[in-house]
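Structural features, examined
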Amino acid sequence: MELKEALTRLAQLQAKLSAYNHAMSLIYYDGATTAPKGTAANRGQALSILSEETYKLSTGDETVELLEYLDAHKDELDEKSARTVFLMLKDIRDMKKIPIEEYIAYQQLSVESEDAWHTAKETSDFALFCPYLEKMFDYQKKFAAYCAPEMHPYNYCLNNFEDGLTMEKCDEFFAALRSRLVPLIKKIGERKQLSNDCIMGDFDEAAQERFSIELMKVMGIDLDHCGLGTTEHPFTTSIGSHHDVRITTNYDRENLASSMYSVIHEGGHALYDMGSDDELAYTVLDGGVSMGIHESQSRFYENLLGRSRAFVEYIFPTVAKCFPEQMKGYCAEDLYRAVNLVTPSLIRTEADEVTYCLHVMVRYELEKRIMSGELEVKDLPSEWNRLYFEYLGVEVPNDREGVLQDSHWSGGGIGYFPSYALGSAYGAQLLRKMKETVDVDACLARGDFAPINEWNREHIWKFGALYKPSELLETALGEKFDPFVYTDYLEKKYGELYGI
């Protein structure tokens, strides 16, 4: 085999895998959005067959021979090809350690688990979901034992979402945040609270959908390649490549900010995925490199930009046009203060910037204890409720607003949650760097996201998964990651808002 022929075969292999992923992503998206309730078993059957074919294609002798040949000639490969071979071999070596029957069973369980979670959340009954979640955690422990027996099983999970992340690093990171956030929350609690009356009321869902489309346009999202759907828990997914990205939201008639900021959040994910270089399409390098970096973009747009005074002042006339009766008598400053109200709450996705990371810490502590064998899945609701009262001072009234509020565990996203807090901190430092060359506030004041998006594209998006997350971040920042940049940002912004 010659090198040129091998590279051609590598491109063909990736295109075929991308096609399978396209089909499986569509099935998942359909199941989460418009599929009838009773079709989970049907989707599970299709996914089990497709996942088996993907497994065979990914780990077959012909594929392994091809990749090992290319790996032996890695010094002759360009940067993108070398990284591709490295990532594919890494995945294959892990997949081959997992028995195929367990891999297929896990794919089917994911569909059934997601369906059970929807039903359990609707009825606020954790007991309906518990057996599926127990299996999900058990599979993660099994996969960790197969793929990385030398690692703590939870470190294996964390590493799957953020390369190099460990419990030790998480503990240090969260301790740093806690040291500054707890005193800040206490000071804010002693001040007069802001009003959020202008975003609470009765907001027609059709009007919210029209407003969502306007938000996507302002953000610079290409609507020819990004669709908007509705689901119980908002998410973003790429369908085969960055040329087809779907985001979802959930409309709360009583709270305008709920969908508004989920659209901006998921829109940040979409911009990142869609910003990959076209030459990366249909390859393993297409899309984001890690969930920490991904959340740096979603949280960047949602909070650092979307809750800024400059953006709120710009978008207020659009809000007033879409909801004239609800906005009567209010001004942009009212909206700005409403969307930046700091108060401990039940729901993570609707939490303010200051208390948000405490929601993540609850999930991190629970995952860590289950993966360490210190907590049983059946005891999650009581421990969840206890930690919410300890960390946030709120009492959880039911499972729906408590342990069942997030969809991540139903799909096996164990180890994902720390990415949200990391991403928030990454984003604050990226914003500080961006402001050295881009007048961000001026851009937001005129609704011009182009310079902001271009900076992110040149420093983050276009590289896809070409570099490790730590390498990508440090190159973009020109310095080491520092979590206190994030706490400095929060102290400054909310100190001004609350007169601290």
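Report on the accompanying structure.

Thresholds applied
- Residues numbered from 1 in each chain as written.
- Predicted model: local features only at pLDDT ≥ 70, side-chain atom pairs only at ≥ 80, totals over all residues.
- Heavy atoms only, no water.
- Phe/Tyr/Trp six-rings, centres within 6.5 Å; stacked < 30°, edge-to-face > 60°.
- Helix = DSSP H or I, 4+ residues; strand = E, 2+ residues; numbered from the N terminus.
- Buried < 20%, exposed > 50% of the residue type's maximum accessible area, 1.4 Å probe, protein only.
- Lys NZ or Arg CZ within 6 Å of the ring centre and 35° of its normal.
- Expected span 1.5 Å × (residues − 1).
- Polar contact = N/O pair within 3.5 Å; in protein donor to acceptor, adjacent residues only side chain to side chain.
- Core = buried A, V, L, I, M, F, W, Y, C linked by side-chain atoms within 4.5 Å.
- Contact = heavy atoms within 4.5 Å.
- Salt bridge = Lys/Arg side-chain N within 4 Å of Asp/Glu carboxyl O.

**What to know about the packing of aromatic side chains**
- Summed over the entire model, instances satisfying the criterion amount to 28 aromatic pairs.
- The interplanar angle of 40° and the centroid separation of 5.4 Å between the aromatic rings of Phe-161 and Tyr-416 together place this pair among those described as tilted. With a gap of 255 residues between them, Phe-161 in helix α7 (residues 153-161) and Tyr-416 in the loop between α16 (380-392) and α17 (418-434) connect regions that are remote in the sequence. Like Phe-161, the residue Tyr-416 is buried in the burial classification.
- Taken together, a centroid distance of 6.2 Å and an interplanar angle of 20° make the contact between Tyr-301 and Phe-449 stacked. Here Phe-449 lies in the loop between α18 (440-445) and α19 (450-459) and Tyr-301 lies in helix α11 (residues 291-305), a separation of 148 residues in the sequence.
- Through pairs of rings, three or more aromatic residues link up here, namely Phe-137, Phe-161, Tyr-356, Trp-384, Tyr-388, Trp-409, Tyr-416, Phe-417 and Tyr-420.
- Across the ring face of Tyr-261, the terminal group of Arg-307 is positioned such that the distance to the ring centre comes to 3.9 Å.
- The positively charged end of Arg-363 is found above the aromatic ring belonging to Phe-417, 5.4 Å away from the centroid.

**Details of α11**
- If you check α11, its first and last C-alpha atoms are 20 Å apart, about what 15 residues at 1.5 Å a residue would give, namely 21 Å.
- Taken across its 15 residues, α11 has 15 buried, putting it largely inside the fold.
- A side-chain oxygen of the first residue of α11 lies 3.5 Å from the backbone nitrogen of Gly-292; this N-cap is Ser-290.

**A few points about the nonpolar core**
- Judged by nonpolar contacts, the single largest core of 142 residues is most densely connected at Tyr-301, Leu-380 and Ile-452.
- Not counting chain neighbours up to four residues away, the residues in contact with Leu-380 comprise Phe-126, Leu-133, Leu-366, Ile-370, Leu-375, Val-403 and Trp-409.
- Of all hydrophobic cores here, the second largest spans 16 residues; its members include Leu-10, Leu-57, Leu-70 and Met-88.

**What to know about the pattern of salt bridges**
- Following the criterion strictly, the structure yields 34 salt bridges and no others.
- Glu-383 is the salt-bridge partner of Arg-386, the closest N and O atoms lying 3.0 Å from each other. Within this pair, Arg-386 and its partner Glu-383 are both found in helix α16, separated by 3 residues, close to a single helical turn.
- Overall, the relative accessible area of 13% leaves Glu-383 in the buried class.
- Ionic pairing is found between Glu-454 and Arg-457, a salt bridge with its closest N-O pair at 2.8 Å. Note that Glu-454 and Arg-457 are positioned in helix α19 at a spacing of 3 residues, about one turn of the helix.
- Judged by its relative accessible area of 36%, Glu-454 falls in the partly exposed class.
- Here Arg-457 falls in the partly exposed class, since its relative accessible area comes to 29%.
- Within the structure, one salt-bridge network assembled from shared partners comprises Arg-369, Glu-383, Arg-386 and Glu-390.

**Some thoughts on the environment of Ile-92**
- Along the chain, the position of Ile-92 falls in helix α4 (residues 79-97).
- For Ile-92, a relative accessible area of 5% translates into the label buried.
- Along the chain, Ile-92 and Tyr-55 lie 37 residues apart, while their C-alpha atoms are 8.8 Å from each other.
- Once you skip the residues sitting within four places of it in the chain, Ile-92 turns out to touch Ser-58, Thr-59, Thr-63, Val-64 and Leu-67.

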